[in-house]
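Descriptive structure summary
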Amino acid sequence: MDAAVSEAPADFDLEAILREGADAGLIPGLRDVLQQASTRLDEDFRKGRSAGELLRARATLIDDVLRHAWNSLELTVEGIALVAVGGYGRGELHPHSDIDLLILRGGDNEGDSKRLENFLTLLWDLGLQIGHSVRSVEECITQARDDVTVLTNLIEARLLLGEASLLDAVAQGTQDSKMWAPDAFFKAKLREQEARHAKFGDTEYSLEPNVKGSPGGLRDLQLIGWLAQRHFGWRSAAELTDNEFLTEAEATTIIHGQEFLWRVRYALHMITGREEDRLLFDHQRELARIWGFVDSDKLAVEQFMQLYYRWALALSQLNEVLMLSFDQAVLQAGNPDTVIDINDWFELRNGYICAKRESVFEEYPGALLEVFLHAGNNPQASGIAAETIRLIRENRHLIDDDFRQNPTHKQLFLEVLRSNNRLTRQLRRMSRYGILGRYLPAYGQIVGQMQHDLFHSYTVDAHTLQVIENIRRFLKPENDERFPVTSRVARRLPKIELLYIAGLFHDIGKGRGGDHSELGAVDARNFCEEHGLGRRDSNLVEWLVRNHLFMSAVSQRKDISDPDVVQEFAQHVGDQNRLDYLFALTVADINGTNPKLWNAWRGSLLRQLYTESKRALRRGLENPVDKQEWIQETRDAAAKILEYRGFTESELSALWQERGEDYFLREKAEDIAWHTEAIADHQERGQPLVLVRNGVESSVANTTQIFIYARFDIGAFSRTCSRLEQLDLSIHDARIYHGSDGMSLDTYFVLDSSGNAVEDVDRLRHITSYLSDKLAPETNASFIPSRLTPRRVRSFRLDTETNMRIDPVREVSVLEVISLDRPGLLARIGEVFVKYGVICEAAKIQTLGERVEDVFFVTDTEQQPIRDAALAEKIQAAIRDTLDAQESH
C-alpha cells in the first residue's frame, strides 16, 4: 500500500544541521546528518514510535540528502530525471535497505556523464547502499515489456527532481493497454509469488522465516498493492475497502499487520547493522526482549514467534482471499458464471464452493463445518470462493459451547474426519480460517506455537496436520516403496479415523506446562466421549496419545536386540491392535517432526521392534523367550552357516570359548559367522582387523556396519569415535564385547552426513584402510576432531544433563547424556571414561536437531556396574564440565 511520502513530516532540518557543521565540508557534514538521523530514529523506535512513520521519515531525509548532493555538484535538471524506485519509491526505507534509483535521460546529454558518476560516488562515500540504473525512456519501456519485474519497479516510481515529463512518458508507454494486459500481469505476478513461496517452503511457519519473502511476509502485501494499482489505479487499503475488495476488518488487519512486519524488519536492521530480513535464532531472542516478552511456561522467544506466526498466517489468508478476488475480477471478467446447485446453503460457482447468500451461516451455523465436507467430497470443487471464505471468517464466532454440544455438529465434524477425499486439505483450510481452533479450543492454543529448537521444523499446529497427512500417505499405493510395512499396517486398521483423532490430539497439550502426553490424553478422552465413540475406541485413542512417544523412545534408546527389552515393550502394548495403531502413529509423527529426522536407519529400528513385538504377542506374553534357548539357537544357526565354509565343531568351540553369552544373545547368526571367519583368517594378531559392510550386506538394514577386532584398550572407544567422525560418519549404535583372551570385538553402525548408508565401493575401501591404519598400535594416539560447529547449533545454549542408574538384569550402569551437539562430543565423553576407568559396553546415539540424547551402557574395569555413588557422580560431573566448557569456547 502506498506510503504517501510527500505528506511525511520533516523530522530533520537538513540545511540547519549542515549550517551547524559548515566547516566540516560536504561529505563529513552529510555523514553527520545521516548518523544523527539513524541514532534518533532508532531511539524513537525503542520508544514505540510507529514503524511506518520511521520509514517515511528516513525516506524523506534521503530525498533531501540526494537533492542537496545533486545541487551541490551543480547537476542540470534539463533532459534528466532522478527517480526513486522499489521500496524507496514507495517511501518504505528501512535503516539498511538499498536506495534504488533510476536516472532517466532524455535526448543527448552525454556531457553530464562525469557529473553523474561524481554524484553516485559521493553517495557511496556517504555509506549509502545505492542501487542504480541509467536509462532512456525508450530503454525503460523496452525492458518493462520484456521483464515484469522492471515494470513492477516502474509502478512504484517517484520523481525526486528533474523533468517530470520523462517519468510521465515512461508511465504512458507502460500502460496496460500497451503491454502486460491485466490478465498477463496478474498471472505473471502470481507465478512469481508461487515461486517465492516454494523457495521458502510454502509455509508461514519456517524455523527462521524471512520477514520479507516468506508466505505472509511483506512481499505478499506488496503484491496486493501492485495488482490494485496496476489494474484499478488504487493505491491504499482504503480504496480497496471502498471498492468492496476488502472489508473494514480486513483493511485493519492489513494496516496493523504491515506495521508489525515493518517493526520486525526495522528491528532486524537495527540490531544487525545491515540489511537483514531473516529471523535467525539469535535475532529471535533479541526481538523477544525488545518486544518485552519474558520466560514463563513458554520461553520468551516462543511467545514472540507465536505472535509473528499468527500475523504471518493472518496476512497470508488475506493474500489468498484477495488473489481469489483478483482472479474473479481480472481473469473471469466478462465470462458467464457456471453454477451447479448443491443444496439449500451452497452452490458450485465457477468451480468454487459458494454460499448462496450472506446469511447462510447465521441461518444454519452447522454450515461452518458442512462447507468443508462439500469442498472435500465434490470432485469438481477447486476450493472455496473468496466471498465465502470471508463469510466463514466473519461468522466463526458462532462456534461456541452451545455449537460444540450440538449433536448434529459433532456428527458433521466426525464426517470430516471420516472423509476419504482431501481430508488433510480440508483440515488445513479449517485451521487457516480459524474453524478448527474454534471447534477445538485446545487446538486454537497451539496455532503458531513454535518450539525453539532445531528438532521441530514446524509449529505445533502445522506438525499436527502434517502427521495426519502422513497417515493419509500410508493409504496411497504410490507411497508403498517408502513405507512398505507401515502402509500395510495402516490399511488393515479397522477404524482409520481413530488414528486421525490420535494424531489430532497427540501434541495438543504442548505449551500448557506439565506432560503434554498426559494433558493431550485427557483432552482426547473427553473428545471421544463427547462425540459418542464407544468405550473401547475411546480407550484406544486415549492410550495412543498418552504413549505416542513410547515406541520411538524404546527403539532408539534401548537395546532392542535384547529379548527382555522386547518382552517389556510388548507387555506395555498389550495386544496386536494397539501395536498396529501405535506403529503407524509413530512413523507418521517422526516424519512430521522434521524432514531430516526420518531415515532408513530409524525406519529399520522401528520395523525390528514392531516385528519382534508381534512375535512376542503371537507367542503369548505369558511365554517369554528363554534366554539360554535363544543363545543356543543363535550358536546353532551360526555354526550351520560356517559348516558350509569348512569349519569343524571343535574349531568353532575353540574360537567361541572366549565369547560371553551377551555376544550370542545380541548378535545375529549371520554376523557371528562373518566375524568368526574373518577372525580365523586374521594372521597379524598385533594389528586390528577391520571389516566394513554396506547397507545392502549389513544384517541391520539401511546402515553401514563396521566391525573391529583388536586387543582390548580402554581408550579404543574414544579414538574410534574420533576417527569415524574424521571420516564424516555418524555413529548410531555401538556394541562392544570383551573376551577373556584380552581381545575386543566392536561393532559400529554408522551413516554418512546425509543420513544414508555408505554404498560407494571406493569409499568403503577407504574406510577400511583408514581405520586399519589409524587404529594400529603404533599410530593409535589420542585425537579430537577439530571442526566448526554449524551456525544454527551455535545459536543455542544447552547445559549438559546426565543421569546414571544400574540395570540389574544386564548388570551394567546406564549413563544418559543430553547435551548440545558439537564436533568431538563422543570422543570427549570417551576420554572421561578413560580417566575414570569406565568401559563402554554399548551405546545408542541419537541426534535431535541441535541436541543429542545418548545412552551408554558402561562398567568398571572388572566389568561390574559402577556401584559407588560418589564415583558415579564424579564421572557425570566430569562429562558435564568437559562438554559445557567446550560449548563456552
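Residues numbered from 1 in each chain as written. Predicted model: local features only at pLDDT ≥ 70, side-chain atom pairs only at ≥ 80, totals over all residues. Heavy atoms only, no water.

Things to note about the packing of helix α9 (residues 182-199) against helix α10 (residues 218-232)
Two measures define how a pair of helices packs: the angle their axes make with one another and the distance between the axes. To keep things clear, this is the line we draw: Fitted lines through C-alpha atoms serve as axes, helices being fitted only where they are in contact, and the angles separating the N-to-C directions of these axes extend from 0 to 180 degrees. Counting from the N terminus, the helices are DSSP H or I runs at least four residues long and the strands are E runs at least two residues long. Convention used here: angles under 35 degrees read as roughly parallel, angles over 145 as roughly antiparallel, angles from 65 to 115 as roughly perpendicular, and any remaining angle as oblique. Should any heavy atoms of two residues lie within 4.5 Å, those residues are counted as being in contact. Put simply, Ala, Val, Leu, Ile, Met, Phe, Trp, Tyr, Cys and Pro go in the nonpolar bin, Asp, Glu, Lys and Arg in the charged bin, and everything else, Gly too, in the polar bin.
Taken N-terminus to C-terminus, the directions of α9 and α10 make an angle of 175°; their axes are 11 Å apart at the nearest point. Considering their axes alone, α9 and α10 lie roughly antiparallel with respect to each other. Together, Pro182, Phe185, Phe186, Lys189, Gln193, Arg196 and His197 of α9 and Arg219, Asp220, Leu223, Trp226, Leu227, Arg230 and His231 of α10 make up the contact between the two elements. Class assignment of the residues belonging to the contact of α9 with α10 gives a composition of 6 nonpolar, 3 polar and 5 charged.

Quick look at α10
Stated formally: The length a helix should cover is 1.5 Å for every residue beyond the first. Per-residue accessibility, obtained with a 1.4 Å probe over protein chains only, is compared with the maximum for each type, and a residue is labelled buried under 20%, exposed over 50%, and partly exposed between these values.
Between its first and last C-alpha atoms α10 spans 21 Å; for 15 residues at 1.5 Å apiece the expected length is 21 Å, and the two agree. For α10, every residue scored as buried is listed here: Leu218, Asp220, Leu221, Gln222, Leu223, Ile224, Gly225, Trp226, Leu227, Ala228 and Arg230. One or two residues past the end of α10 sits Gly233, with phi positive at roughly 80°.

Things to note about helix α16 (residues 367-377)
In terms of burial, α16 is largely enclosed, as 10 of its 11 residues are buried. Taken together, the buried positions of α16 are Ala367, Leu368, Leu369, Glu370, Val371, Phe372, Leu373, His374, Ala375 and Gly376.

Points about unusual backbone geometry
Backbone geometry at Asp202 places phi at a positive 55°, although glycine is not the residue there. With respect to the element layout, Asp202 can be found in the loop between α9 and α10. Even without a glycine there, the phi angle at Asp728 is positive, about 65°. Along the chain, Asp728 falls in the loop between α36 (716-726) and β11 (729-738). Residue class for Asp728 comes out partly exposed when judged on its relative accessible area of 32%.

Overview of the sheet that holds strand β5 (residues 339-341)
Keep this limit in mind: Strands are treated as partners if at least two bridges between them are detected by DSSP.
As summarised here, the arrangement of the 4 strands in space is β5-β6-β7-β8, forming an open sheet in which the pairing is mixed. Every interior strand has two partners, whereas the edge strands, β5 and β8 (383-384), have only one. Note that strand β7 (residues 352-355) and β8 share 2 bridges and pair parallel. By the bridge assignment, Ile353 is partnered in β8 with Ile384.

With respect to the side chain of His374
Secondary-structure assignment places His374 in helix α16. Each residue touching His374, except ones within four places of it in the same chain, is listed here: Ile342, Asn343, Phe346, Ile353 and Ala381.

Thoughts on the packing of α16 against helix α19 (residues 407-417)
Stated formally: Helix crossings are classified by the rotation of the near helix relative to the far one: an anticlockwise turn of less than a right angle makes the crossing left-handed, while a clockwise turn makes it right-handed.
Remark: α16 packs on α19, axes separated minimally by 9 Å, with the N-to-C direction vectors making an angle of 25°. Our classification of the angle between α16 and α19 gives roughly parallel. Here α16 runs over α19; the crossing is left-handed. On α19, the residues touching Leu369, Glu370 and Leu373 of α16 are His409, Leu412, Phe413, Glu415 and Val416. A class-by-class count of the residues in the contact of α16 with α19 yields 5 nonpolar, 1 polar and 2 charged.

Considering the environment of Arg711
Take Arg711: it is sitting in strand β10 (residues 704-711). What makes Arg711 exposed here is its relative accessible area of 54%. As a C-alpha pair, Arg711 and Gln687 span 24 residues in sequence and 8.2 Å in three-dimensional space. If we skip the residues at most four places from it in the chain, Arg711 touches Asp741, Gly742 and Met743.

So, the pairing of strand β9 (residues 689-693)
Counting buried positions along β9 gives 5 out of 5 residues, so the element sits mostly inside the fold. Here 5 bridges tie β9 to β10, and the two strands are oriented antiparallel to one another. Its bridge partner being in β10, Leu689 is matched across the sheet by Tyr709.

Some thoughts on the pattern of salt bridges
Where we set the bar: Note on definitions: salt bridges are taken to be side-chain nitrogens of Lys or Arg within 4 Å of carboxyl oxygens of Asp or Glu.
Under the criterion given, the structure shown has 51 salt bridges. For Asp63, the salt bridge goes to Arg158, with nearest N and O atoms at 2.9 Å. Of this pair, Asp63 sits in helix α3 (residues 51-72) while Arg158 is found in strand β4 (residues 158-162), placing the two residues 95 residues apart along the sequence. Under the relative-accessibility criterion, Asp63 is labelled buried at 4%. Measuring nitrogen to oxygen at the nearest pair gives 2.9 Å for the salt bridge that ties Asp671 to Arg693. Pair noted here: Asp671 is in helix α35 (residues 669-681) and Arg693 is in strand β9, with a separation of 22 residues, a long-range link. For Asp671, a relative accessible area of 1% translates into the label buried. The network of salt bridges with common partners includes Glu518, Arg525, Glu529, Glu542 and Arg546.

Re the packing of aromatic side chains
For clarity, the cut-off: When the centres of two rings from Phe, Tyr and Trp lie within 6.5 Å, Trp using its six-membered ring, the rings pair. Their planes under 30 degrees apart give stacked, over 60 give edge-to-face, and anything left gives tilted. We call a charge positioned over a ring when the NZ of a Lys or the CZ of an Arg lies within 6 Å of the ring centre and within 35 degrees of the ring normal.
Taken as a whole, this structure holds 31 aromatic pairs when the rule is applied. Three or more aromatic residues joined by ring pairs form one cluster here, namely Tyr205, Phe260, Trp291, Phe304, Tyr308, Tyr309 and Trp311. When the ring centre of Phe664 is taken as reference, the NZ or CZ atom of Arg635 above it lies at 4.7 Å. When the ring centre of Phe857 is taken as origin, the NZ or CZ atom of Arg810, which lies over that ring, is 4.7 Å away.

Re the environment of Glu370
Looking at where Glu370 falls in the secondary structure, it is placed in helix α16. Residues Glu370 and Trp345, 25 residues apart in the sequence, show an inter-C-alpha distance of 9.5 Å. Leave out the neighbours within four places in its chain, and Glu370 touches Asn343, Trp345, Phe346, Tyr364 and Leu412.

Remarks on the confidence of the model for the protein chain
The cut-off we apply is this: The predictor attaches a confidence to each residue, called pLDDT, with possible values from 0 through 100.
Averaged over all residues, the pLDDT of the protein chain equals 89, while 92% of them reach at least 70. With pLDDT under 50 throughout, residues 3-9 is counted as low confidence; its partners more than four residues away or in other chains account for 12 contacts.

Observations regarding the side chain of Asp854
The condition is simple: The charge count includes Lys and Arg as positive and Asp and Glu as negative, but it does not include His or the ends of the chains. N or O atoms closer than or at 3.5 Å make up a polar contact, with two conditions inside protein: a donor-capable atom paired with an acceptor-capable one, and, for residues adjacent in sequence, both atoms drawn from side chains.
Its location among the elements puts Asp854 in strand β17 (residues 851-859). Although Asp854 is buried, it makes no salt bridge; Arg557 carries the closest opposite charge, 7.0 Å away. Within the structure, Asp854 has its side chain in polar contact with the backbone nitrogen of Gln846 (distance 3.1 Å).

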